[in-house]
Amino acid sequence: VVSAALRRPPRHGRGPLLLYVLDVMELPDPVLPQLPALLGPDVPAAGVLVVGNKVDLLPVDCRGHLGRLRQRVAAACARAGLQGAALVDVRLVSAKTGFGMEGLVSRLQRSWKCAGDVYLLGATNSGKSTLFNTLLRSDYCKSRAPDIIDRATVSPWPGTTLNLLKFPIINPTCDRIFRRQERLKEEATKTEDQLSSEEKKYLNQLKKQGYLVGRVGRTFQQQRSSSEIDFDPDMLSYSMDEDPRYPPKKQEEREEFTHNEVKDARWCFDTPGIVKEDCVLNLLTEKEVKLVLPSHAIVPRTFILKPGMVLFLAALGRIDYLEGEKPAWFSVLASNLLPVHVTTLSNADAVYEKHAGQEFLKVPMGGEERMKEFPPLVPQDITLKGIGTTEAVADIKLSSAGWVAVTAHAEEELQLRAYTPKGTALVVREPPLLPYISSIRGARIPGTPAYRTKKPPSFVENLRTTGSR
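Quick summary incoming for the structure in this document. Quantities reported herein were computed from a predicted structural model and do not represent experimental measurements. (Residues numbered from 1 in each chain as written. Predicted model: local features only at pLDDT ≥ 70, side-chain atom pairs only at ≥ 80, totals over all residues. Heavy atoms only, no water.)

**Concerning the overall build of the protein chain**
And step 1. Helix and strand content of the protein chain: 13 helices and 18 strands.
And step 2. The burial tally for the protein chain puts 55% of its 469 residues in the buried class.
And step 3. Across the protein chain, the fraction of contacts at a sequence separation of at least 24, relative to all contacts at a separation of at least 6, is 78%.
And step 4. For the protein chain, the exposed surface amounts to about 21200 Å²; the carbon and sulfur share of it is 51%. (Helix = DSSP H or I, 4+ residues; strand = E, 2+ residues; numbered from the N terminus. Buried < 20%, exposed > 50% of the residue type's maximum accessible area, 1.4 Å probe, protein only. Contact = heavy atoms within 4.5 Å. Areas by Shrake-Rupley, 256 points an atom, 1.4 Å probe, with all protein chains shown as cover.)

What follows is the structure, given as structure tokens:
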């Protein structure tokens, strides 16, 4: 779809921009290497702006973690051959909680302005449709469009974007840019105490869902007749989980754009998600996918294991600690709904045989009949050398089910064996995405290898801290 669109003669004398949405938790991203082939010499003046999404789900493991994440995304782009003039920028956002979205809109308006069409591109479940919906209700979109255009379907099931949804991009004139900047400056002076009760309520809801939160507002709004019920469009922009509640209209015809509004418009298109190969989500039912994909801030779970111990992440992944001189720390970053169980090497096979498909391991679900059709777990041997008790040496990424960060004593060599379902990708990610994650833990739970969990506080990017000047 995108390849065909890129090779059409440019409608406005300039080729389109690819807005590539990447789930930062999925690094190394499997689709990213396909992008340079789309930008061949026959594609006129096209560029890529890479958006690292879902940063709200990851806890802050140390100061400057966002800068490090951005460097990891930029490095992944370089490895994929995407650099130089073709790479417009790398931005980190949460399309769901709004973090970084106002900055993304400003960046798009400053660099791309209204030069050409924009295509949202990304793998399934990267949050691409959620990003489309957020941009639709932001200053990036013409003011009347949210009332006219259907919101993109947001679902964890691959392939829900069946048609090319689109909205017209607003022309960022000097006056509009100025008015927008004035609004952003004014909003940045507010504290949480100055928000309305409804705004506070929804902000608290977002804080429970993500560590990083932002407020997406609108500077340019359509004037409404006084007979209509007043409502706050800014409030509508916060909610990603519910459809906006529009004022009831009495047998009105659906609004449409006028010819003059769209005759020279540049459009932002939402494209179908690209299905990732070797992905565990392809093996799961819709109900199981909803348990595996994190929808709330991930609370890290850390365990201290000795050689001869085994860690299960549901029935989707397993890590055996085979050999080593000292205990090591294993920090699990996955959906809070997925269970983690630790057992001994001698009992591990029996635990899997007895509990795979049952509530104890939770996913897959459906008992013996489900497990008959589910691929068996296959092993991969891994050798790691620790770099210190405060910094993880690597992540063992169990396809898209999550990952385990391994922290070991300096120079300590660990012999591990990791398992994922046959046909899915197991990746050893070095360096790890959150190297200091094992420090985010409570006290050791007596008599167990587990530490109490600890949830870091949330941060709202465009509010003044109470009491500060």
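Having seen the structure, we can now continue with the description.
**A look at the packing of aromatic side chains**
And step 1. Taken as a whole, this structure holds five aromatic pairs when the rule is applied.
And step 2. On the basis of an interplanar angle of 50° and a centroid distance of 5.3 Å, the ring pair of Phe 132 and Phe 167 is categorised as tilted. In this pair, Phe 132 is assigned in helix α5 (residues 128-136) and Phe 167 in strand β5 (residues 165-168), connecting sequence segments 35 residues apart.
And step 3. Assessed through its relative accessible area of 0%, Phe 132 is described here as buried.
And step 4. Aromatic side chains Phe 312 and Tyr 352 sit 6.4 Å apart centroid to centroid with 15° between the ring planes, which places their arrangement in the stacked category. Here Phe 312, found in strand β9 (residues 309-313), pairs with Tyr 352, found in helix α12 (residues 345-355); they are 40 residues apart in sequence, far enough to count as distant. Per residue, the accessibility class of Phe 312 equals that of Tyr 352, and both read buried.
And step 5. By way of ring pairs, the aromatic residues Phe 132, Tyr 140 and Phe 167 are connected into one cluster.
And step 6. In this structure, Lys 166 packs its charged tip against the face of Trp 267, placed 4.3 Å from the ring centre.
And step 7. One Lys or Arg, Arg 318, reaches over the ring of Tyr 419 and ends 4.5 Å from the middle of that ring. (Phe/Tyr/Trp six-rings, centres within 6.5 Å; stacked < 30°, edge-to-face > 60°. Lys NZ or Arg CZ within 6 Å of the ring centre and 35° of its normal.)

**Focus on the environment of Leu 66**
And step 1. Secondary-structure assignment places Leu 66 in helix α3 (residues 65-79).
And step 2. Under the relative-accessibility criterion, Leu 66 is labelled partly exposed at 24%.
And step 3. A C-alpha to C-alpha distance of 7.8 Å links Leu 66 and Leu 92, two positions 26 residues apart in sequence.
And step 4. Discounting residues that sit within four places of it in the chain, Leu 66 has contacts with Val 55, Leu 92, Phe 99 and Leu 212.

This is a description of form; function is not addressed.
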